[in-house]
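Architecture and fold: a report
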Amino acid sequence: MTAPAPTGFRPGPKYVLMLGALAALPAITTDMYLPSLPTVAADFGSPEAAAQFTISGMLIGGAVGQLVIGPLSDRYGRRKPVMFGVLAHVLVSILCAFAPNIGTLIGLRMLQGFFNAAASVVAIAVIRDRFVGSDAARLLSQLMLVIGVAPLFAPTIGGAVIKFAEWRWIFGLLALIGLSLVLVVWRFLPETLPAERRRIAGPRGIAAGYRELLTDGKFMAVAVIPGLGMAVIMSYVVGSTFVFQEEYGLNEQQFALVFAINGIALVGSAQINAALVRKVAPLRLLRAGLVLQLIFATGLLAVVITGFGGLIAVMVGLWLVLGMQGMIPANASVLALGNYGHMAGTAAALMGAMQAGVAGIVSPLVGFLGSGGVAMVSVMMGAMLLAILILGLATPAYRRGGAWQQHFG
């Protein structure tokens with residue numbers, strides 16, 4: 001390990017809540033807007049796929065934003081980049097509320113993703129500044145409680161907004177949330193990257209850092225897995241509103257309830273992972289989680305193809321599939337970041353960019369394939385299978401022995 005993190009700091013609940021809220025900002029920005037997708041499509045007279053791209057576009061913007069903001073946080077510290085990024089999120093949210101057409105909204109959502117990427121990349125970098133190994137995995141899993149709980153309520157709030165007001169008011173609420181986060185960061189987030197540990201690098205130095213990461217095959221193999229996991233989640237996110245509201249006839253409030261029930265699976269599995277990682281190595285949990293998730297997804301695909309069990313069977317299958325997600329991103333992230341404490345912001349940015357970028361590229365396939373249950377689950381399964389193949393072929397994760405496995409597994 002390089003640049004080991006200090007071990008004396010013990011985060012309290014308020015600290016975890018603050019970092020979780022920062023890391024959850026992109027998810028809240030996505031999920032609060034979800035119930036309005038059919039309304040947005042109808043309001044602008046655009047195809048469903050175009051409305052769905054207002055979600056995917058934000059992910060693509062987030063991927064680019066992390067690549068820019070991560071190295072800046074290694075150079076200027078964590079506080080300034082996150083405060084600037086979230087303030088810009090506030091401004092763009094207000095502009096989204098006045099978007100005149102679907103094209104403008106897509107462009108603004110890309111900018112929104114670009115700027116609120118600062119919140120998530122800095123939250124992960126702050127963790128690596130202070131923790132490594134199982135301690136980092138446990139804290140990341142605790143963050144999943146906040147990251148998972150916050151979006152549970154976001155679709156419910158979004159559904160309530162469009163019940164009593166126009167969908168544009170959702171962006172006004174997102175601006176208020178961003179402003180609140182700026183105040184919290186200003187008051188409670190200390191600087192975790194002292195001046196002597198900062199990378200004083202210009203464009204060439206930044207390029208050299210990314211080149212070092214991109215040529216590390218094992219880093220790249222493990223770092224892309226959270227992106228494929230996010231592709232699973234986002235395929236569900238962009239498809240579920242149409243599957244549950246159009247195929248199964250649920251209204252906005254019923255869909256929000258189903259979304260919350262499935263979110264409980266994400267939150268619960270993350271807390272199980274936080275407990276297990278005290279005794280079981282992150283690598284072993286990652287391997288098992290990926291395989292079990294693919295098995296459950298295969299059963300879910302059979303359900304949506306045959307219609308067996310109806311809505312209840314689909315909900316149970318999704319609950320099991322999403323329940324495995326808590327064992328994948330946190331453990332993969334820890335394995336990827338372990339040797340890059342000296343440039344945690346840059347490494348977290350590249351990993352986050354792949355996470356947002358892969359999800360942004362993969363999730364639109366749901367719309368292109370028809371937006372139905374079969375399309376949604378097929379895309380989810382494709383991402384899972386690719387993750388297993390990458391981990392199995394590009395790393396020794398599924399092989400016995402070897403220095404890499406002894407170090408991590």
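Data block above holds the structure.
Notes on the structure in this doc start here. Please read all numbers here as calculations on a predicted model, not as lab measurements. Numbering of residues begins from 1 in every chain and follows the order in which that chain's sequence is written. It should be noted that, the model being predicted, local features are given only for residues of pLDDT at least 70 and side-chain atom pairs only at 80 or more, the latter also being counted only at that level, while totals for whole chains, interfaces and linings use all residues. Excluding hydrogens and water, the side-chain figures rest on all heavy atoms present in the structure.

In this description, a line fitted to the C-alpha atoms serves as the axis of each element, helices being fitted only across the stretch in contact, and the angle between N-to-C directions of two axes falls anywhere from 0 to 180 degrees. Elements are defined by DSSP. Helices are runs of H or I of four residues or more, strands are runs of E of two residues or more, and each kind is numbered from the N terminus. Across the interface, helix H1 (residues 13-31) lies against helix H7 (residues 169-188) with an axial gap of 11 Å and an inter-helix angle of 160°. Classified by the angle their axes make, H1 and H7 are roughly antiparallel. Pair H1 / H7 crosses with left-handed handedness. Across from Met18, Ala21, Leu22, Leu25, Ile28 and Thr29 in H1, the residues of H7 making contact are Leu174, Ile177, Leu181, Val184, Val185 and Phe188. Residue classes follow a fixed rule: Ala, Val, Leu, Ile, Met, Phe, Trp, Tyr, Cys and Pro count as nonpolar, while Asp, Glu, Lys and Arg count as charged, and any other residue, Gly among them, counts as polar. The residue inventory of the contact of H1 with H7, partitioned by class, reads 11 nonpolar, 1 polar and no charged. In what follows, roughly perpendicular refers to angles from 65 to 115 degrees, roughly parallel to angles under 35, roughly antiparallel to angles over 145, and oblique to any angle outside these ranges. Whether a crossing is left-handed or right-handed is set by the direction in which the near helix is turned from the far one by less than a right angle, anticlockwise for left-handed and clockwise for right-handed. By definition in these notes, contact holds between two residues if any of their heavy atoms fall within 4.5 Å.

The subject of this paragraph is the environment of Phe244. Mapped onto the secondary structure, Phe244 falls in helix H9 (residues 217-247). The spacing of Phe244 and Gln254 is 10 residues in sequence and 8.8 Å in space, taken between C-alpha atoms. Setting aside anything within four residues of it in sequence, one finds Phe244 in contact with Tyr236, Gly249, Leu250, Phe255, Val258, Leu311, Val314, Met315 and Leu318.

With that out of the way, let us pick up a nonpolar patch on the surface. A cluster of nonpolar side chains, Leu257, Ile261, Ile264, Ile312, Val316, Trp319 and Leu320, forms an exposed patch at the surface whose accessible area comes to about 630 Å². Residue contributions to the nonpolar patch peak at 4 residues, all from helix H12 (residues 310-323). With respect to the secondary-structure elements, Trp319 resides in helix H12. Residue class for Trp319 comes out partly exposed when judged on its relative accessible area of 38%. By definition, no residue in a patch forms a salt bridge, and every one has over 30% relative accessible area; like charges are joined within 9 Å, nonpolar side chains (Val, Leu, Ile, Met, Phe, Trp, Tyr) within 5 Å. Note on areas: Shrake-Rupley with a 1.4 Å probe; residue coverage comes only from the protein chains shown. Salt bridge, as used here: a side-chain nitrogen of Lys or Arg that lies within 4 Å of a carboxyl oxygen of Asp or Glu. Accessible area is worked out with a 1.4 Å probe on protein chains only. A residue is then buried under 20% of its type maximum, exposed over 50%, and partly exposed in between.

Read these as spatial facts, not as claims about activity.
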